[in-house]
Amino acid sequence: MRNLKKMKKVEMIIEGEFLAHLTRLLEKIEIQGYTIFRNLEGRGNAGYHEGQLLFNDEDALVMIMTVVDEAKAETISEGLALFFEKHSGVMFITDTHMM
Amino acid sequence: MIVKEKDILFIDSLVESAVEHIPNFWPMKSFIHHNPLHGFENMHFEEAVNKAHTLFHAKKSLTREQYQRFYQEGKIEDMYLREELENFGTKCGHTHPLLENLFIQLMTKSRECHHFDEITNVSPLIPQIAKNLSPESLNDYADFNANLVKHLAKEKTIYDVVDMLFATNVGEALDDIMSQIAMRFLGEGQAIWNMPKREKGMFLSWKEIVMQDKVFFNENETLCRLLRETALAEDIIFMVLKELKIPRSFWEEYFTLELTKLHGWSGFLKYRSKSSSEYQKKYPAFMEEFLAIRLYYSYMLLKKQENSLGFFPSMKELGSYIMNNKEEAFLRAEYNSGKLLLSYFQSVENFLHETQKTDAKEIYDQYIYDKKIHDCEVLAEYLYKVLSLVLKEEQIQTLQAQELNAINAALQDFEDEEGFIWLKAMEKTSMMQLMSDYVQSKKTQEQVNSSDAQLFFCIDTRSERIRRNIEAAGAYETYGMAGFFGIPFKSIDVSNRCESDLCPAILTPKHIVYSFHEKEAINSKGLMKIVKKVLNELKYNVLTPYVTVEAIGALFAFDFFGKSLVPKAYMPLRKKIFDPKVEEELRIERYTEKEATESITAIQNQIIKFVIEEKFNIKPSSLDDEILNEIREIALSKEDIVQEDQDGVAIDSVTKLGAKYNLLQIEEQRLIELLRKEYKVSAGHMRIQKAKMAKVGFSFKEQLYYVQSALKTVGLKSFCDIVVLSAHASQSENNPYESALDCGACGGSSSLINAKVLAYMANKQNIREELHKHGIHIPEQTYFIAALHNTTSDVLTLFDAHAPHSHHEALKKLKADLELAGMLTAAERMATLPLSNTRSKQGAFSLAKRNTMDWSQPRPEWGLSKNHSFFIGKRENSKNMNLAGRTFLHSYDYTGDKKGAILSVILSGPLVVGEWINMEHFFSTLDNSAFGSESKVYHNVVGKLGVISGNMSDLRTGLPSQTVNLENEPYHEPLRLITMIEAPFETHKNVIDKIHKISELVYNEWIKTIFIDEKETAFFLYEGNTQTWEKLEFKTFTQGENRA
Amino acid sequence: MLEELLTTLAVLFLLPIFPFSMLSNFILSKFKGLMLLFVLSSMFFTGALLLSSYENQTVIVAISVVALFSTMFYALRLLSVSHAYSYLIFYYSTISGFAWLWKSVDGEMSVFFIAFILPIIGFGFLVAFLDKQFKTTYFKAFKGLGNVMPRFSVLLVISIVALIFTPYFPGFRIFIEEVVKFDIYYLIAIVISWLLISWSGITLIEKLIYGVAQRKLHYRDLSPLQTIFLVFLYLLSVGIGFIFMEVNLG
């Protein structure tokens, strides 16, 4: 796999009301590309979250995924540690390769 | 840049976290009722109120005198008060036999029995009581200084402490400056002269201005030099915190302290920074920028104090000042906070103005001694007054010291809890009353054979009255559902170029509906248009007041007298001239490709006409289609106009336009460029516009889905010939809070368009055929009509212009009955409004209509005040309950909802909206200064988004005093929303557990929940004290006796 | 000669001008309540009486220059007083300056006396009332009296309005007369003094009346009798003010 670069994949599952905030933060530290997954359903410490709440966008779950180099990944994990302490949600960082 | 990237994230996350307790504030043109303590909903209600008391300096409850009034009016029953006192006693471990009686007497019979700061020596027993008080019950001022240092940057900002010690006004000056900056930048179109360069964003545009401010920008300061270099708000935040020597662990709390000072502006900025409004796109503003500016000014203001203080009050320096000048700091704090013993003012003032501070200790020691005696005597007098409510003099005399101190300790705990005790007792009384009424209502149910019409209303509490009166006027069935009828969309008024989201604020609508207003005849419009334009320009020009007042003032005076003295006669006339009624057309179906292209083309031609008129002063009427089409096609292509002849000289005019009006080629070129760049008449934009237009309207599948959901949600099984979908709106003049009286489920707008959309969809033949396959059988002769209930005048208007002839008679009868019902409703309501006592029902109706037009009326209607409950169930069961316009009514039939899917929709949407409305009223009544916006008399609208009090203040949030109070006493009764759900407890309780938000509200007791289980013939109440569901059988209410 | 010197000195202390005012104010500060009002009124009465029969025009003109500065100085001082007694005392010093200026343009001292004694009595009475109840008149001890002592607050506002010679209270007529008869420099100085006095009066109202009362004290309002007395006093003042406006004071 010669033309693949070693990178880190950062996935963050958060409540819908914080989506705009986090995407703006990513843009501030010059991360230009990310993907958003909506209407997630699942269970966590805060309880069960239903997928599609018909009349409520704020309390639904979303996931932001972005692929960055190691240094940036470290910046994100250190910088957002506080956010994930305070709000329900998780962040995963895994190794990956990108073309 | 001095901060690292990870610190940027860290600071921004801290800021986000710091404002989580500040509620959003939506601009007032779509006033959203919301819970001011929304950010605390993850904790228990009582805990949240206590926290808000600390954070927002808000009251925790109404005063005892206000509750005593409710008690005397029978709204709080003795029995439940005693119950709650018992619970309190158990919880806090106070079991002295005297206490129950003592507290009851204190709560219900005492007058002005408070802990005063002054001794009046009413009894010789007081010194004896004073002697027996244990030292623990009194304040020991020894650790004042240590506490102050501990609270520094945790509960008080640095300038708070500086102001307290040195009587400076830093906090006030800072709030003033920040209010001004917020107003200037965030204004949404009210100002004629705007702040320059707002496109750069809040921080950068402010930076440009402050660098020219000689008072607040000084090249000698490191901070100012940094400001010149950096473009990052986080840099400023970082530097200021460094200079003030505030350690990292304190940052979050410090941010919270700073940002809650102006929680109105912070709340608005919180909304705006996340909104997709045009203003935010053009002039972006974010919370960390606001914080950076605030910290910058706080630093500069504190720096200015350096000379008079003798040191720069960083956290460290200030702390050591407080600890090293113990006595002086304490005396200063007492003096400036107004807590000083009255006899010491002269000596302390002399001391503070002297240059030598040698006798600080002497004064301090003497003062502490006297103060402690004072505290003791004052407490003793209070205890005496309380005890004499239940004991005689001799009994007080023989009271042991131990007993006395136990009673005192209980009293102190009681003072903290008193508000909640009253609240819970009042809620229990209301809950019992509602349950009893329900049982009675069920018993007296009559069989209804067939109905003449079915009417849908919004769950709004005001619908309750008119529904009751309509049901009494004839054979009518009424149903309640959320005002947006389950169809969320953005409504764009193309003719007037404005848009609004017609759905609850918690939703982002994915559909768009266009509305068009018919064009009027050119002539009449032309003259009126000119008149309007001239009057407007006069109104907004700076020089007008100086020049034209004498000349044209009389014109406006005519208007003034008309509106004030004879509004009922004058206003309709005025409306006819300036805002004539026009027929509204809605675009509900999807556009076909052809239609989309045609519409966009038509709009583009209009734009081209407009631009040509602006640029070349050519009348639009003289531009024919050929000319326009040519210009348009050129703009849409990628070609440019400039053509040169062989000599390199530009030929003049290529287009028909140019030929007709002798334009130069360069002018034509400029026109095309302008159209492409500024007015988006280009190929690329056209593609985007087409894609956007594809979003307009609803596809067949979507229409089917929405009609089906609406009908299923209310459980409608059979249909009458006429089904009325009644929207509601209020009407008032000169009222910035107008949209607070409109439909909350539609984001503070009228829900009429939603009603029309649903009616249109439900009347479609193909939709009905499809519904038939899904088990919903709508007969052919059933006709859905949209209607509008004006909640201020109680006039119900049917939009039946296209109704079939066969329904003519029935509609005539319906209209007559609706008018009668409206009149009765108005009469009911007018009886509650002050100065509205008219004997006749006609008089009341007429007065209600006048309220819609009277610009001096601060209270056109009570709106949702006095709301206290939410009923989710069958209308037959609640029909005979007189709920006096206090209940949200949502139709629901559990027999058609075995899995609870419909219930979960109702709970997660309409109930949340109801809870927001209830909590808004609750807290605005509790503390109208902290959570409400106080009197309307002092309100000034700013930036077209909200109001301030006076000429400079924080943005006011919440409801004004006139909405929740009557002559300064609460009119709205602050009770948590009593939610009654008619569904089997066993099977439907898990709906609550499955939805995170609802379980938060129920188990943290933001609402009081009652399940009405018809099968078990019992109620199930959620009891917060025991955290269990208690069962109460129906039959306990049937003998007219309450629970023993 | 000696008699004239003594008289001049006496008047300089009774209608105090800086620096003589320092001694007068020191003595006045030892009194409290209605006693202070009595002493002050006596000083005013005696000073006015003596000044009215004073003949030496050159001395008066000379002193009136100093009086002008004294007035401005005390008007400024009024802005930073911290309790109501010192307000009363410094106010008296301020208008003493006006008295000298009035005399220097041949004004009738009796008119001046009547014009200013009524507001002073009214205000002094209210200050004494405050002191009697709370044992202090320091502004920092009070806040939001408007809510808890409505009668007192309304009358306090009226008394301040009278003190700062608002139109139709008699002081205004005096003020206008003076303003008209002097040349431009005096005029500016007098107007400045008026502005400063007005500002200080409004600040006093703001400090005492505006806001929400924080301390839980037993706020006892004026009795009906006391209220009637003060209302009568102010109606009388306004009546006299009307007369002054219409009649030529010569």
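Just so we're clear, the structure is a prediction, and the values are computed from it rather than from any experiment.

(A) Seen up close, the overall build of chain C. What chain C contains, in helices and strands, is eleven helices and zero strands. Mapped from its N terminus to its C terminus, chain C presents α and β elements in the order α-α-α-α-α-α-α-α-α-α-α. In terms of overall size, chain C behaves like a compact globule, its C-alpha atoms giving a radius of gyration of 18 Å where 250 residues would be expected to give roughly 18 Å. In terms of overall dimensions, chain C has a C-alpha envelope of 60 × 40 × 30 Å along the principal axes. Counting across all 250 residues of chain C, residues that qualify as buried make up 42%.

(B) Summary view of the overall build of chain A. Secondary structure summary: chain A contains three helices and six strands in total. Of the regular secondary structure in chain A, the N- to C-terminal order runs β-α-β-β-β-β-α-α-β. For chain A, with 99 residues in total, the buried portion stands at 26%.

(C) Molecular detail of the nonpolar core. All names here are of chain B. Among the nonpolar cores identified, the biggest contains 340 residues, and Ile237, Val240, Leu725 and Leu758 are the most heavily contacted of them. Here this core takes 16 residues from helix α23 (residues 401-443), the largest share from any one element. Residues contacting Leu725, with those up to four places away along its chain left out, are Phe456, Phe485, Ala755, Leu758, Ala759, Phe784, Ala786 and Ala787. Within the second largest apolar cluster, 14 residues are counted, among which are Leu657, Leu663, Leu671 and Val681.

(D) Molecular detail of the pairing of strand β16 (residues 977-982) of chain B. All names here are of chain B. Burial analysis of β16 places six of its six residues in the buried class, the great majority of the element. Side chains Leu977, Thr979 and Ile981 project from β16 onto one buried face, and the interleaved Ile978, Met980 and Glu982 project onto a second face that is buried too. Bridge analysis of β16 against strand β17 (residues 1007-1013) gives six bridges, and the strand direction is parallel. The partner of Ile981 across the bridge, within β17, is Phe1011.

(E) Highlighting the interface of chain C and chain B. Counting from both sides, the interface comprises 13 residues of chain C and, opposite them, twelve residues of chain B. Looking at the side of chain C that touches chain B residue by residue, the class counts come to four nonpolar, four polar and five charged.

(F) Quick look at unusual backbone geometry. Note the cis peptide between Phe18 of chain C and Pro19 of chain C, where omega equals 5°. The backbone of Asn662 of chain B shows a phi angle near 55°, a positive value even though the residue is not glycine. Turning to its location among the elements, Asn662 of chain B is positioned in the loop between α31 (656-661) and α32 (665-677). Overall, the presence of 9 C-beta atoms within 10 Å leaves Asn662 of chain B in the exposed class. Residue Lys944 of chain B is not a glycine yet carries a positive backbone phi of 60°. Relative to the assigned elements, Lys944 of chain B resides in the loop between β12 (939-942) and β13 (946-949).

(G) Focus on the packing of helix α29 (residues 593-616) of chain B against helix α33 (residues 683-694) of chain B. Residues and elements named next belong to chain B. Relative to each other, α29 and α33 sit at 125°, their axes nearing to 10 Å. With respect to each other, α29 and α33 are oriented oblique. The way α29 lies across α33 gives a crossing that is right-handed. Listed contacts from α33 to Ala596, Ser599 and Ile600 of α29 are Met686, Gln689, Lys690, Met693 and Ala694.

(H) Up close: the sheet that holds strand β4 (residues 498-502) of chain B. Residue and element names in this part refer to chain B. As summarised here, the arrangement of the four strands in space is β4-β3-β5-β6, forming an open sheet in which the pairing is mixed. Each edge of the open sheet carries a strand with a single partner, namely β4 and β6 (584-587). Across this sheet, the average inter-strand angle for adjacent strands is 25°, counted without regard to direction. Pairing of strand β3 (residues 489-493) with β4, which is carried by five bridges, proceeds in the antiparallel orientation. Bridge assignment links Lys490 to a residue of β4, and that residue is Asp501.

(I) Just the sheet that holds strand β2 (residues 35-40) of chain A, in detail. Residue and element names in this part refer to chain A. What the four strands build is an open sheet, ordered β2-β5-β1-β6; its pairing is antiparallel. The sheet is open, and its two borders are formed by β2 and β6 (89-98), each paired with just one other strand. Within the sheet, the average angular offset between the axes of one strand and its neighbour, ignoring direction, is 20°. Lying on the sheet, helix α1 (residues 19-28) is in contact with β1 (5-15), β2 and β5 (61-68); it crosses β5 at an angle near 10°. In this fold helix α2 (residues 70-79) packs onto β1, β5 and β6, with an angle of close to 20° to the strand it touches most, β1.

(J) Spatial organisation of the environment of Thr601 of chain B. Residues and elements named next belong to chain B. With respect to the element layout, Thr601 can be found in helix α29. Residue classification places Thr601 among the partly exposed positions, given that 15 C-beta atoms sit within 10 Å. The spacing of Thr601 and Arg632 is 31 residues in sequence and 8.4 Å in space, taken between C-alpha atoms.

(K) Structural detail: helix α2 (residues 45-55) of chain B. All names here are of chain B. Of the positions making up α2, those classed as buried are Phe45, Ala48, Val49 and Ala52. The buried residues of α2 occupy an angular sector of 100° when the element is viewed end-on, so they sit on one face. Counted as exposed and oriented over 90 degrees from the buried face of α2: Glu47 and Thr54. One or two residues past the end of α2 sits His57, with phi positive at roughly 55°.

(L) The arrangement of the arrangement of the chains in detail. The interface with the most contacts, out of two pairs of chains in contact, is the one formed by chains A and B. There is no contact between chain A and chain C; across them, the least C-alpha separation is 37 Å.

(M) Representation of the environment of His777 of chain B. With respect to the helices and strands, the residue His777 of chain B is situated in the loop between α36 (765-773) and β8 (783-790). Exposure remark for His777 of chain B: the 12 C-beta atoms within 10 Å place this residue in the exposed category.

(N) The arrangement of the confidence of the model for chain C in detail. Residues and elements named next belong to chain C. Considering every residue of chain C, the mean pLDDT works out to 87; 98% of them sit at 70 or more. Within chain C, the lowest mean pLDDT, 74, falls on helix α9 (residues 170-181), and the highest, 92, falls on helix α8 (residues 150-163). As scored by the predictor, the complex reaches a pTM of 0.89 and an ipTM of 0.87.

(O) Quick peek at the environment of Lys443 of chain B. Residues and elements named next belong to chain B. Along the chain, the position of Lys443 falls in helix α23. For Lys443, a count of 11 C-beta atoms within 10 Å translates into the label exposed. For the pair formed by Lys443 and Asn877, sequence separation is 434 residues and the distance between their alpha carbons is 8.8 Å.

(P) Seen up close, the packing of helix α3 (residues 33-52) of chain C against helix α5 (residues 84-104) of chain C. Residue and element names in this part refer to chain C. Two numbers describe how α3 lies on α5: the axes approach to 12 Å, and their chain directions differ by 10°. In this view, α3 runs roughly parallel relative to α5, as classed from their interaxial angle. Contacts from Leu36, Leu40, Ala48 and Leu51 of α3 reach α5 at Tyr85, Tyr92, Ala99 and Lys103. Classifying every residue of the contact of α3 with α5 gives seven nonpolar, no polar and one charged.

(Q) Main features of α8 of chain C. Residues and elements named next belong to chain C. Here α8 is 14 residues long and its end C-alpha atoms lie 20 Å apart, about the 20 Å a rise of 1.5 Å per residue gives. Along α8, the positions that sit buried rather than exposed are Phe152, Ser153, Leu155, Leu156, Ile158, Ser159, Ile160, Ala162 and Leu163. The inward-facing, buried residues of α8 abut α5, α6 (109-134), α7 (145-148), α10 (184-209) and α11 (224-246). Looking one or two residues beyond α8, the residue adopting positive phi is Phe165, at roughly 35°.

About the criteria used
- Numbering of residues starts from 1 in each chain and follows the order in which that chain's sequence is written.
- The order in which chains are written sets their letters, starting at A; the order in which ligands are written sets their numbers, starting at 1.
- Local features in this predicted model are restricted to residues of pLDDT 70 or higher, and side-chain atom pairs are both shown and tallied only at a pLDDT of 80 or more, whereas totals for entire chains, interfaces and linings draw on every residue.
- Numbered from the N terminus, helices here are DSSP runs of H or I no shorter than four residues, and strands are runs of E no shorter than two.
- Here the globule rule reads 2.2 Å times residues to the power 0.38, and the radius of gyration is calculated from C-alpha atoms.
- Three exposure classes are used, based on other C-beta atoms lying within 10 Å of a residue's own C-beta, which is placed from the backbone: buried for 20 or more, exposed for 12 or fewer, and partly exposed in between.
- By definition, a nonpolar core groups buried Ala, Val, Leu, Ile, Met, Phe, Trp, Tyr and Cys residues that are joined through C-beta atoms within 7 Å.
- C-beta atoms are first placed from the backbone for all residues, and any pair lying within 7 Å is then listed as a contact.
- Two strands are said to pair when DSSP picks up at least two bridges between them.
- Any residue outside Ala, Val, Leu, Ile, Met, Phe, Trp, Tyr, Cys, Pro, Asp, Glu, Lys and Arg is labelled polar, Gly included; the first ten of those are nonpolar and the last four are charged.
- Every axis in this analysis is a line fitted to C-alpha atoms, fitted for helices over the stretch in contact. Angles between the N-to-C directions lie between 0 and 180 degrees.
- Here roughly perpendicular refers to angles of 65 to 115 degrees, roughly parallel to angles under 35, roughly antiparallel to angles over 145, and oblique to all remaining angles.
- A crossing counts as left-handed when the near helix is turned anticlockwise from the far one by less than a right angle, and as right-handed when that turn is clockwise.
- What the arc covers is the set of directions going from the helix axis to the C-beta atoms.
- The pLDDT value expresses, per residue, how confident the predictor is, ranging between 0 and 100.
- For a helix, the expected span equals 1.5 Å multiplied by the number of residues minus one.

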